Amino acid sequence: MQSEDVCRVAGAEIGLHSICIYGGVPKGPQKQAIRDGARVVIATPGRVLDLEQEGAISLSGVTFMILDEADRMLDMGFEKDVRSIISSTARERRTVMFSATWPDTVRKLASEFLKQPVRVNIGSEDLAANVRVTQTVEVIDETQKPRRLPQLLTKYHNKKNRVLVFCLYKKEAARVEQDIQRAGYTAIAIHGDMTQAARTAALAQFKEGSVPLLVATDVAARGLDIPDVEVGWG
């Protein structure tokens with residue numbers, strides 16, 4: 001959705017129409033958007049394949065393909081879907097892969113589907129933490145976590161600055177959200193058990209600052225553009 005926002009603004013200057021396709025919402029409006037015509041489709045793998053199988057979209061005419069967050073898609077088990085999509089596109093095409101890391105799975109995919117590729121590396125090839133971010137690691141017992149989070153909120157959160165709290169599981173995110181709210185803070189969560197519309201609404205409230213505390217699973221770990229987040233916990 002963020003990519004489509006950027007593409008729509010940039011494309012408006014040259015008359016380039018784009019649409020966004022993703023799961024968790026009704027297919028009808030997306031099928032109609034495809035019928036209305038678009039030169040650019042920004043999509044998630046699963047929904048693209050669903051629509052292709054239903055005959056709503058054809059990938060055979062795709063001559064320029066971008067795989068964004070390629071490593072993340074492979075980590076999440078989308079390799080089969082990605083391969084299916086690539087094999088359905090035109091043989092003579094340009095392919096671009098964006099990846100934050102360069103693991104063996106991404107190298108293998110690149111070697112199979114890219115001919116004479118040019119690799120562009122931004123920054124050092126060695127992974128390193130952002131020097132502008134202060135990182136503190138606390139190793140505590142599981143039973144201490146419920147008490148420690150309110151202490152950290154008291155220390156770092158003034159009820160206006162944006163704070164992001166990461167949880168490993170969906171149920172944990174929902175529980176932490178309730179615990180924070182009971183402690184008197186305004187918080188909202190996003191996780192995989194929520195509808196796409198609910199996640200979008202929650203993220204919008206966090207971005208605009210009306211809800212300054214966001215509890216999230218790894219659905220928010222990569223690719224989201226959220227400005228002015230001062231503190232993050234995981």
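These notes cover the structure that comes with them. (Residues numbered from 1 in each chain as written. Predicted model: local features only at pLDDT ≥ 70, side-chain atom pairs only at ≥ 80, totals over all residues. Heavy atoms only, no water.)

### Overview of the packing of aromatic side chains
- Following the criterion strictly, the structure yields zero aromatic pairs and no others.
- It is Lys159 that lies over the ring of Tyr185; its NZ or CZ is 5.3 Å from the centre. (Phe/Tyr/Trp six-rings, centres within 6.5 Å; stacked < 30°, edge-to-face > 60°. Lys NZ or Arg CZ within 6 Å of the ring centre and 35° of its normal.)

### Looking at the side chain of Arg162
- Looking at the element boundaries, Arg162 is found in strand S5 (residues 162-166).
- The charged side chain of Arg162 is buried without a salt bridge, its nearest counter-charge being Asp228 at 4.1 Å.
- Within polar-contact distance, the side chain of Arg162 engages the backbone oxygen of Lys207 at 2.3 Å.
- If near-sequence neighbours (up to four positions away) are discounted, Arg162 is found in contact with Phe206, Lys207, Glu208, Gly209, Pro212, Pro227, Asp228, Val229, Glu230 and Val231. (Helix = DSSP H or I, 4+ residues; strand = E, 2+ residues; numbered from the N terminus. Buried < 20%, exposed > 50% of the residue type's maximum accessible area, 1.4 Å probe, protein only. Lys, Arg positive; Asp, Glu negative; His and termini not counted. Salt bridge = Lys/Arg side-chain N within 4 Å of Asp/Glu carboxyl O. Polar contact = N/O pair within 3.5 Å; in protein donor to acceptor, adjacent residues only side chain to side chain. Contact = heavy atoms within 4.5 Å.)

### Overview of the environment of Glu54
- Relative to the assigned elements, Glu54 resides in the loop between helix H3 (45-53) and strand S3 (64-67).
- For Glu54, the residues in contact, after removing those within four places along its chain, are Lys27 and Lys31.

Without other data, these values stay purely geometric and don't point to any function.
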